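Structural overview for review
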Amino acid sequence: MIDVENAKLNLTAKSLPSEKAPAKTAPRVSTIEWVQYAIVWTILKGLTCLPRQAAIFFGEQLAAFIFFCIPRLHRVGLRNLELAFPEKTVAERKTILKQSLHSLGRQLGEFSQLPKLTVEMVRSLVVYDGLEHFQSAQAHGKGVLVLTGHFGSWELSAFSHALYGHPMNILVRRIDNPLIEALVNRYRTCSGNHTIDKNGSARAILTALRNRETVGVLADLNMVRNQGVFCDFFGLSACSTPMLATLALRTGAPVVPGFLIWEADQKRYRLQFDPAVELIETGDSKHDIEENTARFMKIIERKVQAHPEQWLWIHRRWKTRPEGDPGLY
């Protein structure tokens with residue numbers, strides 16, 4: 001899926017150069033980057049060697065340790081829950097935050113197991129709900145844009161969808177450490193998916209949609225003011241990415257909401273696709289982008305309301321404020 005935090009997407013003709021950019025030389029890797037890579041490699045490969053349930057257990061313990069070492073994450077999480085659910089008690093918010101932490105640890109464990117997953121294993125782990133909506137969108141022949149968020153196990157979502165025979169293009173923010181980026185990219189793409197660097201990604205995204213391919217968009221993160229549009233999210237103005245609406249309006253590609261939901265009682269995930277979103281098209285580009293972005297945010301909000309324990313509460317979603325509004329953190 002696509003990580004759009006601080007993403008820039010200029011879809012004008014000028015943003016699509018006709019000549020191939022000169023090849024970039026590989027950046028030098030510093031000693032600290034080698035040390036970081038060694039730590040991440042050891043943790044990730046160690047988890048990969050474990051059975052799935054053991055990897056999830058240790059992933060949860062590692063998430064709890066990181067959470068303990070960085071108190072700011074606890075403060076941000078509780079503040080977000082206070083903003084989103086003012087009617088809940090402090091105890092209820094703390095419970096949700098704890099469950100959300102376990103969800104993040106579970107995702108780390110699941111991510112470590114990706115290279116070991118087979119189609120047969122995925123069939124017992126991930127079941128479809130509403131696949132016909134995705135297939136109906138594909139039938140339009142204009143590619144598919146999948147609306148999703150940092151919800152449940154979003155890495156496993158794209159991975160399992162590819163193993164089922166529906167490879168995706170994943171727009172990502174490259175990790176600053178090139179060694180760690182290459183390692184993570186190998187895990188993300190070993191089921192047939194492709195990653196696209198969000199920087200200068202317009203041509204690749206438009207080409208993918210013209211080729212009737214699928215592009216997923218993680219559209220739930222905060223944007224800086226000059227890159228986003230403000231719309232309602234849990235009753236508060238939230239600066240949100242206009243990327244999805246811009247792409248949909250320009251290309252005609254259907255927008256299909258898709259979320260991977262953990263069902264604890266069934267010990268499995270449900271990959272749920274909803275019907276394609278009916279877009280607002282009045283001919284006023286600015287208005288249409290804002291209105292459709294607001295519509296997308298409401299879809300994500302409803303999913304989070306239904307399963308708050310599976311969302312990324314430690315991200316400062318309401319950090320960017322409208323001009324003149326006081327900060328919320």
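In case you missed it, the structure is sitting above this.
Residues numbered from 1 in each chain as written. Predicted model: local features only at pLDDT ≥ 70, side-chain atom pairs only at ≥ 80, totals over all residues. Heavy atoms only, no water.

1. As for the overall build of the chain
The helix and strand inventory of the chain stands at eleven helices and nine strands. Its C-alpha atoms give the chain a radius of gyration of 20 Å, near enough to 20 Å, the size a compact globule of 329 residues would have. The 329 residues of the chain split such that 49% are buried. Taking as baseline every contact in the chain between residues at least 6 positions apart, the subset at least 24 positions apart corresponds to 78%. Carbon and sulfur atoms make up 55% of the accessible area of the chain, which amounts to about 16,000 Å² in all. Taken together, the 40 basic and 32 acidic charged side chains of the chain have centroids lying 5 Å from each other. (Helix = DSSP H or I, 4+ residues; strand = E, 2+ residues; numbered from the N terminus. Rg over C-alpha atoms; globule rule 2.2 N^0.38 Å. Buried < 20%, exposed > 50% of the residue type's maximum accessible area, 1.4 Å probe, protein only. Contact = heavy atoms within 4.5 Å. Areas by Shrake-Rupley, 256 points an atom, 1.4 Å probe, with all protein chains shown as cover. Lys, Arg positive; Asp, Glu negative; His and termini not counted. Charge placed at Lys NZ, Arg CZ, Asp CG, Glu CD.)

2. A closer look at helix H9 (residues 202–210)
Along H9, the residues that are buried comprise Ala202, Ile205, Leu206, Ala208 and Leu209. For H9, the arc enclosing every buried residue in end-on projection is 155°, short of the 170-degree limit, so these residues lie on one face. Each element contacted by the buried residues of H9 is listed here: strand S2 (144–148), strand S3 (169–172), strand S4 (194–197), strand S5 (214–218) and helix H10 (243–251). Among the residues trailing H9, Arg212 stands out with phi positive, at a value near 65°. (Arc of directions from axis to C-beta.)

3. Things to note about the nonpolar core
Core analysis: the largest hydrophobic core is formed by 47 residues, its most contacted members being Leu145 and Trp313. Per-element tally for this core: the top contributor is helix H11 (residues 285–306), with six residues. Beyond its immediate stretch of four places on either side in the chain, Trp313 contacts Val76, Gly77, Asn80, Leu81, Ala84, Phe85, Ile96, Leu97, Ser100, Val304 and Pro308. (Core = buried A, V, L, I, M, F, W, Y, C linked by side-chain atoms within 4.5 Å.)

4. So, the packing of helix H4 (residues 90–112) against helix H7 (residues 154–163)
Orientation of H4 relative to H7, taken along the N-to-C sense of each, is 35°, at an axis distance of 8 Å. Residues Leu104, Gln107, Glu110 and Phe111 of H4 pack against Trp154, Glu155 and Leu156 of H7. For the contact of H4 with H7, the residue count by class is four nonpolar, one polar and two charged. (Axes fitted to C-alpha atoms, helices over the stretch in contact; angles between N-to-C directions. Nonpolar A, V, L, I, M, F, W, Y, C, P; charged D, E, K, R; others polar.)

5. Notes on a nonpolar patch on the surface
On the surface, Ile32, Val35, Ile39 and Ile43 cluster together into a nonpolar patch covering about 340 Å² of accessible area. Positionally, Ile32 belongs in helix H1 (residues 31–49). (Patch = residues over 30% accessible without salt bridge, like charges linked within 9 Å, V, L, I, M, F, W, Y side chains within 5 Å. Salt bridge = Lys/Arg side-chain N within 4 Å of Asp/Glu carboxyl O.)

6. Quick look at the pattern of salt bridges
If the charged atoms of two oppositely charged side chains come close together, the side chains can form a pair. Tallied over the full model, the rule gives 14 salt bridges. A salt bridge links Glu263 to Arg270; its shortest N-O distance comes to 2.6 Å. Ionic contacts of the salt-bridge type, sharing partners, join the residues Asp129, Glu263, Arg268 and Arg270 into one network.

7. What about the layout of surface pockets?
In this structure, the largest pocket encloses a volume near 1,600 Å³. Forming the boundary of the largest pocket are 36 residues, of which Leu104, Leu108, Trp154, Ile175 and Arg188 lie nearest the centre. Where the lining of the largest pocket is concerned, the elements lending two or more residues are H1, helix H2 (52–69), helix H3 (71–84), H4, H7, S3 and helix H8 (178–189). Tallying contributions element by element places H4 first for the lining of the largest pocket, with six residues. (1 Å grid on protein atoms, 1.4 Å probe; cavity = no way out; pocket = protein on both sides within 12 Å on 5 of 7 lines; lining within 4 Å. Points joined across faces, edges and corners; volume = space filled by probe spheres on them.)

8. Digging into the packing of aromatic side chains
With the rule as written, the count across this model stands at 15 aromatic pairs. Measuring from ring centre to ring centre gives 6.1 Å for Trp34 and Tyr37, while their planes differ by 80°; the resulting arrangement is edge-to-face. Highlighted residues: Trp34 and Tyr37, both in helix H1, separated by three residues, approximately one helical turn. For Trp34, a relative accessible area of 48% gives the class partly exposed. By relative accessible area, Tyr37 is classed as buried at 17%. The interplanar angle of 80° and the centroid separation of 5.8 Å between the aromatic rings of Phe151 and Phe259 together place this pair among those described as edge-to-face. Here Phe151, found in the loop between S2 and H7, pairs with Phe259, found in strand S8 (residues 255–263); they are 108 residues apart in sequence, far enough to count as distant. On the basis of relative accessibility, which here comes to 2%, the residue Phe151 falls in the buried class. (Phe/Tyr/Trp six-rings, centres within 6.5 Å; stacked < 30°, edge-to-face > 60°.)

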